[in-house]
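Here's the letter readout for the chains.
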Amino acid sequence: MKNVSIIASFVGAILFTSCTKNDDNMDMPLNIDYPAAYIVNGEDATVSVVKLSTNEVTGTIALMGTGSDMIMWPHHISSHQNHLAIGVPGMDLSAGHSGLNTSGMNGKLLIVDALNGSIVKNITLPLMNHNTIYSPNGNEIWVPQMDMNGKVLVYNASTNALINTINVGMMPAELTFSSDGTKAYVANGDDDSITVINTETKAIITTITVGDNPVGAWTGSNAKMYVDNEDGQTISVIDVATNSVDETITLGFMPGIASYNGPKNELWVSDPMAGKVHYWTWDAGMNMWMHGNSFNTGAGAHAIAFTTDGNTAYVTNQTANTVSVVNTSNHSVIKTINVGKKPNGIVLKM
């Protein structure tokens with residue numbers, strides 16, 4: 001294992017489901033019947049709800065709980081229809097993923113109603129998890145288990161019953177799916193590899209060698225997957241059809257997340273240490289990604305989410321406690337939104 005230590009810190013709070021707080025500190029029910037961004041605030045154990053038409057925070061979902069239901073350091077989030085799935089590793093991952101000591105740590109799979117903020121299900125997992133994610137058809141929830149003997153747990157999304165266990169590599173972090181939904185990709189941090197799984201049969205198709213300490217294989221709508229290798233400071237570009245690495249992009253910084261903007265045909269990579277986002281454009285003549293430029297967002301720049309038309313991006317800034325709203329045409333921040341402490345995962349519900 002890599003030997004940079006990350007220390008988990010824990011906070012306590014009262015659980016307020018299906019409510020938000022206004023300036024008068026009164027509880028009010030949530031009614032999220034509009035396109036919104038859901039931002040997971042790790043240190044607060046909350047989710048900030050941002051109305052996309054105004055880019056204003058319209059509600060806060062508190063997740064903390066008490067006793068066996070306690071939620072500490074929620075991380076990444078996915079959605080299907082009117083539900084959200086949140087991965088809860090129980091550890092602060094804002095400084096990176098190297099050298100994690102997950103021995104004896106349980107993770108959680110949290111399902112939240114996206115309309116009213118109520119907690120639908122809180123499942124304690126055998127081991128720590130980086131994320132939880134709905135399958136492309138929404139029938140299942142897939143959860144990696146961070147251990148030297150890595151596994152992926154597959155749950156029935158309707159009954160919450162465990163239906164499959166798949167053995168993968170060492171210390172798997174993020175699990176994602178190809179844009180066509182046929183393959184799942186598991187980033188094995190300590191194996192420097194990606195496990196590719198057939199989503200229908202749950203059989204392992206192949207294992208692909210990538211850079212040093214991969215955290216996630218991020219989905220591109222162009223039938224590519226973009227792997228952020230933290231310690232290698234590179235992006236491995238995987239071709240979904242051939243299961244091979246097409247290109248390795250040298251960054252010169254530790255990546256936070258790679259995110260592909262399909263309508264603009266740009267690859268964005270967050271640079272948390274510098275508080276900025278870099279972007280690459282595709283050069284068809286040279287058949288490779290070319291670095292365009294970078295722009296400042298906020299300290300600890302992390303997750304990136306694009307609107308469907310690709311015209312607007314939302315970037316979570318973990319140590320600035322903000323979200324940057326970016327005009328993708330000119331790569332300029334048009335608004336900065338204050339959210340909770342250490343925002344990381346984000347999903348847009350259009």
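Conventions adopted
Residues numbered from 1 in each chain as written. Predicted model: local features only at pLDDT ≥ 70, side-chain atom pairs only at ≥ 80, totals over all residues. Heavy atoms only, no water. Phe/Tyr/Trp six-rings, centres within 6.5 Å; stacked < 30°, edge-to-face > 60°. Helix = DSSP H or I, 4+ residues; strand = E, 2+ residues; numbered from the N terminus. Buried < 20%, exposed > 50% of the residue type's maximum accessible area, 1.4 Å probe, protein only. Lys NZ or Arg CZ within 6 Å of the ring centre and 35° of its normal. Pairing = 2+ DSSP bridges. Axes fitted to C-alpha atoms, helices over the stretch in contact; angles between N-to-C directions.

For the chain, the name recorded in an unreviewed UniProt entry is YVTN family beta-propeller protein, with Flavobacterium croceum DSM 17960 as its organism.

Turning to the packing of aromatic side chains, a few remarks are in order. Summed over all chains, the structure comprises eight aromatic pairs. When the ring of Trp-268 is compared with that of Phe-295, the centres are 5.3 Å apart and the planes differ by 75°; the resulting orientation is edge-to-face. Separated by 27 residues along the polypeptide, Trp-268 in strand β23 (residues 266-271) and Phe-295 in strand β25 (residues 288-296) bring together distant segments of the chain. Residues Trp-268 and Phe-295 agree in their burial class; the two are buried. Centroid distance Trp-268 to Phe-306: 5.0 Å. Interplanar angle 80°. Geometry classified as edge-to-face. Placement of Trp-268 in strand β23 and of Phe-306 in strand β26 (residues 301-306) is noted, with a sequence separation of 38 residues between them. Phe-306 carries the same exposure label as Trp-268, and that label is buried. Over the ring of Tyr-34 we find Lys-51, and its NZ or CZ is 5.0 Å from the ring centre.

What follows is about the sheet that holds strand β18 (residues 214-219). In spatial order, the strands read β18-β19-β20-β21; together these four strands make up an open sheet with antiparallel pairing. Of all strands in the sheet, those with a lone pairing partner are β18 and β21 (244-250), marking the two edges. When strand polarity is set aside, the average angle formed by the axes of neighbouring strands in this sheet is 25°. Direction of pairing for β18 relative to strand β19 (residues 224-229): antiparallel, over a ladder of five bridges. By the bridge assignment for β19, Trp-218 is matched with Tyr-226.

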